[in-house]
Amino acid sequence: MASMYHSTRSTVKECSAKRAVLDGLAPDGGLYVTDALGETSIDLDRVVAQTYSENAALILKTLLDDYTDEEISSCVEAAYGNTFAAKETTPVVSVGDDYVLELFHGPTSAFKDVALQMLPQLMSRAAALASERIMILAATSGDTGKAALAGFADTPGLGITVFFPHGGTSEIQRLQMVTQHGDNVAVGAVHGNFDDTQSAVKRIFSDKELQARLREQGIVLSSANSINIGRLAPQVVYYFDAYAQLVRQGAIKCGDKIDFCVPTGNFGDVLAGYFALRMGLPVRKLIVASNANNVLTDFLTTGVYDRNRPFHKTISPSMDILISSNLERLLYYMSDGNADLVAKLMDDLAQTGRYEVPTDMLERIQAIFSCGFAGDDEARTAMKECFEETGYVLDPHTAVAWRVSQNTPKADGVARVVLSTASPYKFCRDVCRALGLPAEGNDFDCMRELESASKTEAPEALAALENATVRFDDVMDADEMPLYVERKCGDLL
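Residues numbered from 1 in each chain as written. Predicted model: local features only at pLDDT ≥ 70, side-chain atom pairs only at ≥ 80, totals over all residues. Heavy atoms only, no water.

## So, the pattern of salt bridges
Phase 1 of the analysis: Tallied over the entire structure, the rule returns 21 salt bridges.
Phase 2 of the analysis: The partner of Arg-9 in a salt bridge is Glu-328, and the shortest N-O contact between them spans 2.7 Å. A residue pair is termed long-range when its members are at least 10 positions apart, and Arg-9 in the loop between β1 (5-7) and β2 (10-15) and Glu-328 in helix α14 (residues 327-334) qualify at 319 residues.
Phase 3 of the analysis: The exposure class assigned to Arg-9 is partly exposed, which follows from its relative accessible area of 24%.
Phase 4 of the analysis: Ionic pairing is found between Asp-445 and Arg-448, a salt bridge with its closest N-O pair at 2.9 Å. Of this pair, Asp-445 and Arg-448 both sit in helix α20 (residues 443-454), three residues apart, roughly one helical turn. (Salt bridge = Lys/Arg side-chain N within 4 Å of Asp/Glu carboxyl O. Helix = DSSP H or I, 4+ residues; strand = E, 2+ residues; numbered from the N terminus. Buried < 20%, exposed > 50% of the residue type's maximum accessible area, 1.4 Å probe, protein only.)

## Concerning the environment of Asp-412
Phase 1 of the analysis: Inspection of the secondary structure assignment puts Asp-412 in the loop between α18 (396-407) and β15 (415-420).
Phase 2 of the analysis: With a relative accessible area of 79%, Asp-412 lands in the exposed category.
Phase 3 of the analysis: Separated by 313 residues in the primary sequence, Asp-412 and Tyr-99 place their C-alpha atoms 16 Å from one another.

## Details of empty space enclosed by the protein
Phase 1 of the analysis: Evaluation of the coordinates by the stated rule reveals two cavities of 30 Å³ or more.
Phase 2 of the analysis: In this structure, the largest cavity encloses a volume near 220 Å³.
Phase 3 of the analysis: Lining of the largest cavity is provided by 22 residues; of these, Phe-111, Lys-112, Gly-265, Asn-266 and Ser-318 occupy positions nearest its centre.
Phase 4 of the analysis: Only α11 (229-249) and α12 (268-278) provide two or more residues apiece to the lining of the largest cavity. (1 Å grid on protein atoms, 1.4 Å probe; cavity = no way out; pocket = protein on both sides within 12 Å on 5 of 7 lines; lining within 4 Å. Points joined across faces, edges and corners; volume = space filled by probe spheres on them.)

## Overview of the side chain of Ser-222
Phase 1 of the analysis: Summarising the element assignment, Ser-222 is placed in strand β9 (residues 219-223).
Phase 2 of the analysis: A relative accessible area of 0% means that Ser-222 is categorised as buried.
Phase 3 of the analysis: Beyond its immediate sequence surroundings of up to four residues, Ser-222 is in contact with Val-21, Leu-22, Asp-23, Gly-24, Met-123, Ile-134, Met-135, Ile-136, Leu-137, Phe-205 and Asn-228. (Contact = heavy atoms within 4.5 Å.)

## Details of α20
Phase 1 of the analysis: With 12 residues, α20 extends 16 Å between its outermost C-alpha atoms, agreeing within 8% with the 16 Å of an ideal straight helix rising 1.5 Å per residue.
Phase 2 of the analysis: Residues of α20 that are buried include every one of Asp-443, Phe-444, Cys-446, Met-447, Leu-450 and Ser-454, and no others. In a view along the axis of α20, the buried residues occupy a sector of 150°, so they form one face of it.
Phase 3 of the analysis: On the buried face of α20, the contacting elements are α8 (171-178), α17 (376-390), α19 (428-435) and α21 (460-463).
Phase 4 of the analysis: For α20, the capping residue at the N-terminal end is Asn-442, with a side-chain oxygen 2.9 Å from the backbone nitrogen of Phe-444. (Expected span 1.5 Å × (residues − 1). Arc of directions from axis to C-beta. Polar contact = N/O pair within 3.5 Å; in protein donor to acceptor, adjacent residues only side chain to side chain.)

## Brief notes about the packing of α17 against α18
Phase 1 of the analysis: It is at 8 Å that the axes of α17 and α18 come closest, and there the two elements cross at 85°. What the angle tells us is that α17 and α18 run roughly perpendicular. In contact with Glu-378, Ala-379, Thr-381, Ala-382, Met-383, Glu-385 and Cys-386 of α17, α18 contributes Pro-396, Ala-399, Val-400, Trp-402, Arg-403 and Asn-407.
Phase 2 of the analysis: In terms of residue class, the contact of α17 with α18 is made up of eight nonpolar, two polar and three charged. (Axes fitted to C-alpha atoms, helices over the stretch in contact; angles between N-to-C directions. Parallel < 35°, antiparallel > 145°, perpendicular 65-115°, else oblique. Nonpolar A, V, L, I, M, F, W, Y, C, P; charged D, E, K, R; others polar.)

## With respect to the sheet that holds strand β16 (residues 474-476)
Phase 1 of the analysis: Overall, parallel pairing links the five strands, which are arranged β9-β6-β7-β8-β16 in an open sheet. In the strand order of this sheet, the two ends are held by β9 and β16, each with one partner. Neighbour-to-neighbour, the strand axes of the sheet open up by a mean angle of 25°, direction not taken into account.
Phase 2 of the analysis: Strand direction decides the pairing type here: strand β6 (residues 133-139) and strand β7 (residues 158-165), joined by six bridges, are parallel. (Pairing = 2+ DSSP bridges.)

## Some points on the nonpolar core
Phase 1 of the analysis: Counting 156 residues, the largest nonpolar core has Phe-260 and Phe-369 as the members making the most contacts within it.
Phase 2 of the analysis: Ranked by the residues each element gives to this core, the list is headed by α11, at 13 residues.
Phase 3 of the analysis: Contact partners of Phe-369, with chain neighbours within four places excluded, come to Phe-267, Val-270, Tyr-274, Lys-285, Leu-286, Val-288, Leu-300, Leu-330 and Met-334.
Phase 4 of the analysis: Judged by nonpolar contacts, the second largest core, of 26 residues, contains Val-190, Phe-205, Ile-321 and Leu-492. (Core = buried A, V, L, I, M, F, W, Y, C linked by side-chain atoms within 4.5 Å.)

Okay, here's the thing in structure tokens:
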């Protein structure tokens, strides 16, 4: 029997994995989870012997087991067959005494490509059975937007609308979105920060009147953010594959424990590592690396989640987040499936901006997760030192994780992998400044400076943005977003 999914806030209503992928968010505002997580343990020897695509098929079929083998195989081929520049898809490279998992070799040069090349495939196959037209909504702090746009562009029966905080991304990230091709895409900038944008998207999903009007037209809304289980599941794959690469390289033996240090704001990337642990990957510690918006560091240290604090705009904008949506899934699993407790905590967050977990629950979390944070100055120092000592160029997000990893004691004999979530060329101005390179011109001048100094080449798709035509220049307040979505549903679907 296929695994069933339900909300983190209630176990009463269950649905299939395909329905969960299509809906994105549960009707009560919770996130979809399955109580079957961990019932099937992945065979590590098999993982070590397989390719990335073969491992993707194995893990996705385990998590989304109402998809047929044929459906999963076709999804994997379409997502990873020829879309990533690296032979290993997500290669592990040795840098100094540690390892870096490069997740940025996809079409938009960010880790989101791994999931967002897959999600449209999963969604289109589920939608074909449901006979629905779907509008995908995504709030982005920088990388999700472009990766989602690239993944969903011109997919039949699907439209996508992406919102990003006005002035809250790098110039390269903004250009990636506003120059996107496709007849089914829309992009809008929103006054405010990412949390304002994300909260407004969540309110749209809870707007019953809007959804009723759209259903009359045969249109439903869904999400491309990491709250969608179809986004999260593909990310589990690269944890297993990184482990397999290290075994094949002779860095570890099959069965050895390993650490991962993950730069994260919304908690989705590191949560995928927790899923991998539950599925049998020998993880010793998952190290959560935050920037100056260190709400996760405080939570993992004290058990108090409090978003009532100053919002910092940093050089690692994809982590400029104070509401870490995917943390809700961890709360469900760490409370042994206490949906009533999760619902109460989420209500506390909505009403007061804070919540506190029970002491025994915090102890369980701390047994697996450790944490740290690095401000902009520390990230700049990490970029400079890493380049001078190893010749390797870190982007600002990876630099946060690199510094946190350096500041976190290691266990003897335990390998550590730092997740690199974006190409440094997406943030070339800040990288140039950190490395002491000229940064007076535009971002593309900085790109050329970085190429010269590092003896590397900018990804072709990023370099091409210099002469790309801007298609979208809409700017709005958060309360204007529902009308914008409804209008775009009519225009694009």
